[in-house]
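Residue strings, one per chain:
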Amino acid sequence: MASILGIFCAANFGLRTLLTMDTFELAIVGAGPAGLAAGVTAAALGLRTVLVDEQPAPGGQIYRGIEAASRHPDSARVFGEDYMAGADLVRQFRASAVKYLPLSQVWQIDRDRNLWIRGANGVTAIGARQVLLATGAMERPVPIPGWTLPGVMTCGAAQTLLKSAGLAPSGRIVLAGGGPLLLLIAAQLMRAGNPPAAILQTSTNLRRAIAHLPRFVSSPSYVRKGLGLVAELRRAGVRIERGVGDIRILGETRAEAVEYIRAGTRRREQVDLVLLHHGVVPNTNLALSLRCEHEWNDAQHAFQPRTHAGLGSSVEGVLVAGDCAGIGGAKAAELRGRIAAYNAATNIERISTDARDRQCAPIQRELRPHLRARPFLDAYFEPPRDLLAPVEDDVVVCRCEEVRAGEIRRIVTEQSCPGPNQMKAFVRTGMGPCQGRLCGLTVVELMAQTRGVSPGEIGYYRIRPPIKPIALGELATRAQEK
Amino acid sequence: MFKRVIEFEGPVLGVVINGRECSVPASFTAAAAMLASEDGATRETPISGAPRAPYCMMGVCFECLLEIDGVPNQQGCLVPVAAGMRINRQRGARTV
Ligand code: FES
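Residue numbers here run from 1 along each chain, matching the order of that chain's written sequence. Throughout, the order in which chains and ligands are written sets their labels, letters from A for the former and numbers from 1 for the latter. The model is predicted, so local features are restricted to residues of pLDDT at least 70 and side-chain atom pairs to those at 80 or more, both for listing and for counting; the totals for chains, interfaces and linings are taken over all residues. Computation of side-chain values covers all heavy atoms of the structure but excludes hydrogens and water.

1. Examining the overall build of chain B
Alright, step 1. Across its full length, chain B holds one helix and nine strands.
Alright, step 2. Secondary structure elements of chain B, listed N to C terminal, follow the sequence β-β-β-α-β-β-β-β-β-β.
Alright, step 3. Here the C-alpha coordinates of chain B stretch approximately 40 × 25 × 20 Å along the principal axes.
Alright, step 4. Among the 96 residues that make up chain B, the fraction classed as buried is 52%.
Alright, step 5. Sequence-distant contacts, at least 24 apart, represent 43% of the contacts inside chain B between residues at least 6 apart.
Alright, step 6. The Shrake-Rupley method, run with a 1.4 Å probe, gives the accessible areas here. Residue values count only the displayed protein chains as cover. Accessible surface computed for chain B: about 3800 Å², of which carbon and sulfur atoms make up 50%. Strands here mean DSSP runs of E at least two residues long; helices mean DSSP runs of H or I at least four residues long; both are numbered from the N terminus. Exposure categories follow from relative accessible area, calculated using a 1.4 Å probe and restricted to protein chains: below 20% of the type maximum is buried, above 50% is exposed, and the middle band is partly exposed. Should any heavy atoms of two residues lie within 4.5 Å, those residues are considered in contact.

In structure tokens, the structure reads:
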């Protein structure tokens, strides 16, 4: 109800402000590698460009806190060269003519490409001829028993605390899950002074990955980095348990232990902090709220906006680039951001299609090797089935509304519930403040597995603005000031 | 519990966390400040009263909801600290 009033109020407020609203040729959402590179490129082409981002400083999640970190002598040793490389991109961005709005949440983009923003000055709106969504990725939810307990967070959360605040967990840390980032973050915590007690790696899927192996080994930097991390962790005595299954976190009011099965035996570790990770998925709520068409990516087990060669979405004037359009990693995001900027410039007839193609050809060539390693990584680190859809009935799936896997399965088998939107009506999944960000994919996988169909057939939640909760008061106060 | 292991340069300011005065770097978010000074739950859920703490630190999970300067349901991982800010655990407040 509050959100309906919110939209009504926004519409009212909109009428008063639209006439005086600032308008840009390109509005970019997200200050990660894709958004920054797009901004730098667009500004160089003379496009009047604005970039809106939630964080206080540019970098996105991957280069979080890079400006402060790059001034500290320990950063290169702790975070590694890939992170430090972000400093250069951020410098270029700061030197560009892009208008930068930090600490600003875009809570709605309407069909006329007006961006509704909550920032330091309350609620504002800006107009744009072209919009680029560069909202990046988020870590895939890891719904296992006990994952809602204090003392459990994502690996990325620990990494963010280290990058942005210089904070590292003390006590006994265990990392659990899979994907290339798991080892990187373990190594960063170790270099920061507290080596993890153990890394629990779920089974990898070499059978599915083997076909992509030749292309993967032809991207030598990935192989070298991966092996380097394993060697570094081993040398430091960090225990890496492979082929781990049935991970569960135990504790009453906080995580106390983690249990798992390896080689047929149940084992247990005492813990102060469990860090979970199983790859990243596109952060699509903004694109979904704009009704951009999405498609199921079976290799990456996630939905992504459907894009054409020019990185345009199905919605007129809305482009998507970087990991929010499908996971490709930081370097690929940066290159795609540049391609998107050229396309935005073409769309508003600032440069010809010929000029665009000439400029984009070398970027496309540079992009290829970065995408070559991806199919192997996606297949090799494919999340195990019981992690995509919890087998145990009492695992919490929707953290906001506290809905468990068993309830969702029961609705699927006993009721006529065609999709996740109808599931909302039955058990309120996705109705809480996170708007399904943490339960959406799990609900879809649960429904798909129970019915024996592809998640693509199930579809995803319909996401309605505002995509971030906004208090009625904030709008009302602002409207009165006008 | 989280400890400061890298001291990025920048000012330090005073905040009040669960009634206790602390000084924290200005680069901290309210959620980071909470994690650096307290262990365990930072909120209880409105539905069952279950204990929760920040999970993603990037603005997507809403597990970091805190009461900041008397206003509940603030996404603590997105709010930078400010001088004199009062940051409190959230006890089962109504969802936003
Ligand atoms: S910790 Fe997830 S939104 Fe703040």
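Moving on, there is more to tell.
2. Considering the overall build of chain A
Alright, step 1. Along the backbone of chain A there are 21 helices and 21 strands.
Alright, step 2. Relative to the globule expectation of 23 Å for 482 residues, the C-alpha radius of gyration of chain A, 22 Å, shows essentially globular dimensions.
Alright, step 3. Each of the three principal axes of chain A carries a C-alpha extent, and together these read 65 × 50 × 40 Å.
Alright, step 4. Looking at the 482 residues of chain A, the share that counts as buried comes to 60%.
Alright, step 5. Put simply, 66% of the contacts in chain A that link residues at least 6 apart link residues at least 24 apart.
Alright, step 6. When the accessible area of chain A is evaluated, it comes to approximately 19100 Å², of which 52% is carbon and sulfur surface.
Alright, step 7. We count Lys and Arg on the positive side and Asp and Glu on the negative side, and we leave His and both chain ends out. Throughout, a charge is located at the NZ atom of Lys, the CZ atom of Arg, the CG atom of Asp or the CD atom of Glu. One way to put it: in chain A the 57 positive side-chain charges average out to a point 3 Å from where the 44 negative ones average out. Using C-alpha atoms as the atom set, the radius of gyration is obtained and then compared with a globule rule of 2.2 Å times the number of residues to the power 0.38.

3. Some words on the interface of chain B and chain A
Alright, step 1. Every contact between the two is made by 40 residues of chain B and, on the other side, 51 residues of chain A.
Alright, step 2. What gets called buried area is simply the loss in accessible area from a 1.4 Å probe that two parts show on being joined, summed for both. A combined buried area of about 3900 Å² lies between chain B and chain A, and 63% of that area is made up of carbon and sulfur atoms.
Alright, step 3. The largest contributions to the chain B side of the interface with chain A come from Phe-2, Phe-8 and Tyr-55 of chain B, which together make up 22% of the buried area.
Alright, step 4. Throughout this description, the term salt bridge denotes a Lys or Arg side-chain nitrogen within 4 Å of a carboxyl oxygen of Asp or Glu. Along the contact surface separating chain B from chain A lie three salt bridges.
Alright, step 5. The closest approach of N and O atoms between Arg-71 of chain A and Glu-9 of chain B, which form a salt bridge, is 3.1 Å.
Alright, step 6. Polar contact is defined as a pair of N or O atoms within 3.5 Å, subject to the rule that within protein one atom must be able to donate a hydrogen and the other to accept it, and that residues adjacent in sequence are counted only when both atoms are side-chain atoms. Counting across the chain B and chain A interface gives 14 residue pairs in polar contact (both at pLDDT 80 or more).

4. Considering the nonpolar core
Alright, step 1. Residue types Ala, Val, Leu, Ile, Met, Phe, Trp, Tyr and Cys, when buried and joined through side-chain atoms within 4.5 Å, form a set referred to as a nonpolar core. Ranked by size, the top nonpolar core spans 95 residues in total, and within it Leu-175, Ile-199, Leu-233 and Leu-275 of chain A together with Ile-87 of chain B carry the most contacts.
Alright, step 2. Examining the composition of this core, we find that nine residues originate from one element, helix H13 (residues 330-347) of chain A, more than from any other.
Alright, step 3. Not counting chain neighbours up to four residues away, the residues in contact with Leu-275 of chain A comprise Met-153, Thr-154, Cys-155, Ala-158, Ile-173, Val-174, Leu-175, Ala-176 and Leu-189 of chain A.
Alright, step 4. Judged by nonpolar contacts, the second largest core, of 83 residues, contains Ile-109, Ala-128, Ala-176 and Ala-198 of chain A.

5. A short note on the packing of aromatic side chains
Residues and elements named next belong to chain A.
Alright, step 1. Two rings belonging to Phe, Tyr or Trp (six-membered ring only in the last case) form a pair when the distance between their centres is within 6.5 Å. Interplanar angles under 30 degrees mark stacking, angles over 60 mark edge-to-face geometry, and anything in between is tilted. Evaluated as defined, the whole model comprises 10 aromatic pairs over all chains.
Alright, step 2. With centroids separated by 6.1 Å and ring planes inclined at 45 degrees, the aromatic side chains of Trp-107 and Trp-116 adopt a geometry described as tilted.
Alright, step 3. Judged by its relative accessible area of 1%, Trp-107 falls in the buried class.
Alright, step 4. When the ring of Tyr-380 is compared with that of Phe-381, the centres are 5.0 Å apart and the planes differ by 75 degrees; the resulting orientation is edge-to-face.
Alright, step 5. Using a relative accessible area of 18% as the deciding quantity, one classes Phe-381 as buried.

6. Section: the side chain of His-301 of chain A
Residues and elements named next belong to chain A.
Alright, step 1. Note on placement: His-301 falls in the loop between strand S17 (294-297) and strand S18 (302-305).
Alright, step 2. Looking at His-301, its side chain comes within polar contact range of the side chain of Glu-445, at 3.4 Å.
Alright, step 3. Setting aside residues up to four positions removed in sequence, His-301 forms contacts with Arg-140, Arg-208, Trp-296, Glu-382, Pro-383, Leu-388, Leu-441 and Glu-445.

7. Notes on helix H14 (residues 353-372) of chain A
All names here are of chain A.
Alright, step 1. Multiplying one less than the number of residues by 1.5 Å gives the expected span of a helix. The end-to-end C-alpha distance of H14, which contains 20 residues, comes to 27 Å, matching closely the 28 Å that a straight helix rising 1.5 Å per residue would cover.
Alright, step 2. Bend, at a single residue, is the angle you get between axes fitted to the 7 residues ending at that residue and the 7 residues starting at it. Where H14 bends most, the angle comes to about 30 degrees, and this point is Cys-360, followed within four residues by the proline Pro-362.
Alright, step 3. Along H14, the positions that sit buried rather than exposed are Ala-355, Arg-356, Cys-360, Ile-363 and Leu-367.
Alright, step 4. Buried residues along H14 sit against H13.

8. Quick word on the packing of helix H17 (residues 405-414) of chain A against helix H18 (residues 420-427) of chain A
All names here are of chain A.
Alright, step 1. H18 packs onto H17 with a crossing angle of 110 degrees between their chain directions and a minimal axis gap of 11 Å. The angle between H17 and H18 falls in the class roughly perpendicular. Between H17 and H18 the crossing geometry is right-handed. Packed against H17, whose contacting residues are Glu-407, Ile-408, Ile-411 and Val-412, the element H18 presents Met-423, Phe-426 and Val-427 at the interface.
Alright, step 2. Throughout this entry, Asp, Glu, Lys and Arg are counted as charged residues, while Ala, Val, Leu, Ile, Met, Phe, Trp, Tyr, Cys and Pro are counted as nonpolar. The remaining residues, Gly among them, count as polar. When grouped by side-chain class, the residues that make up the contact of H17 with H18 number six nonpolar, no polar and one charged. Axes here refer to lines fitted to C-alpha atoms; in helices the fit is confined to the stretch in contact. Angles between the N-to-C directions go from 0 to 180 degrees. By the definition adopted for this analysis, an angle is roughly parallel if under 35 degrees, roughly antiparallel if over 145, roughly perpendicular if from 65 to 115, and oblique otherwise. We call a crossing left-handed when the near helix sits turned anticlockwise from the far one by less than a right angle, and right-handed when that turn is clockwise.

9. What about the pattern of salt bridges?
Residues and elements named next belong to chain A.
Alright, step 1. Here the structure, examined in full by the defined rule, presents 32 salt bridges over all chains.
Alright, step 2. With a closest N to O distance of 3.4 Å, Glu-269 and Arg-172 form a salt bridge. Of this pair, Glu-269 sits in strand S14 (residues 265-270) while Arg-172 is found in the loop between strand S9 (167-169) and strand S10 (173-178), placing the two residues 97 residues apart along the sequence.
Alright, step 3. Relative accessible area serves as the criterion here: at 5%, Glu-269 is assigned to the buried category.
Alright, step 4. In this structure, Glu-259 engages Arg-268 in a salt bridge whose closest nitrogen and oxygen atoms are separated by 3.1 Å.
Alright, step 5. Each of Asp-246, Arg-248, Glu-259, Arg-266, Arg-268 and Glu-392 takes part in salt bridges that share partners, so that together they form one network.

10. Side note on the sheet that holds strand S9 (residues 90-91) of chain B
Alright, step 1. Within the open sheet, the three strands sit side by side as S5-S4-S9 (chain B). Their pairing is mixed. Here the strands that pair on one side only, and so sit at the sheet edges, are strand S5 (51-52) and S9 of chain B. Strand pairing follows a simple DSSP-based rule, namely that at least 2 bridges must link the two strands.

11. Quick notes on the pairing of strand S6 (residues 122-133) of chain A
Residue and element names in this part refer to chain A.
Alright, step 1. Burial within S6 is extensive, with nine of its 12 residues counted as buried.
Alright, step 2. Judged from the seven bridges that link them, strand S1 (residues 22-29) and S6 form a sheet pairing that is parallel. Looking at the pairing, Val-29 lines up with Leu-133 of S6.
Alright, step 3. Direction of pairing for strand S5 (residues 114-119) relative to S6: antiparallel, over a ladder of six bridges. Among the inter-strand pairings, Leu-115 is bridged to a residue of S6, identified as Ile-126.
Alright, step 4. For S6 and strand S19 (residues 318-320), the ladder comprises three bridges, and the chain directions are parallel. Bridging across to S19, Leu-132 finds its partner in Leu-319.

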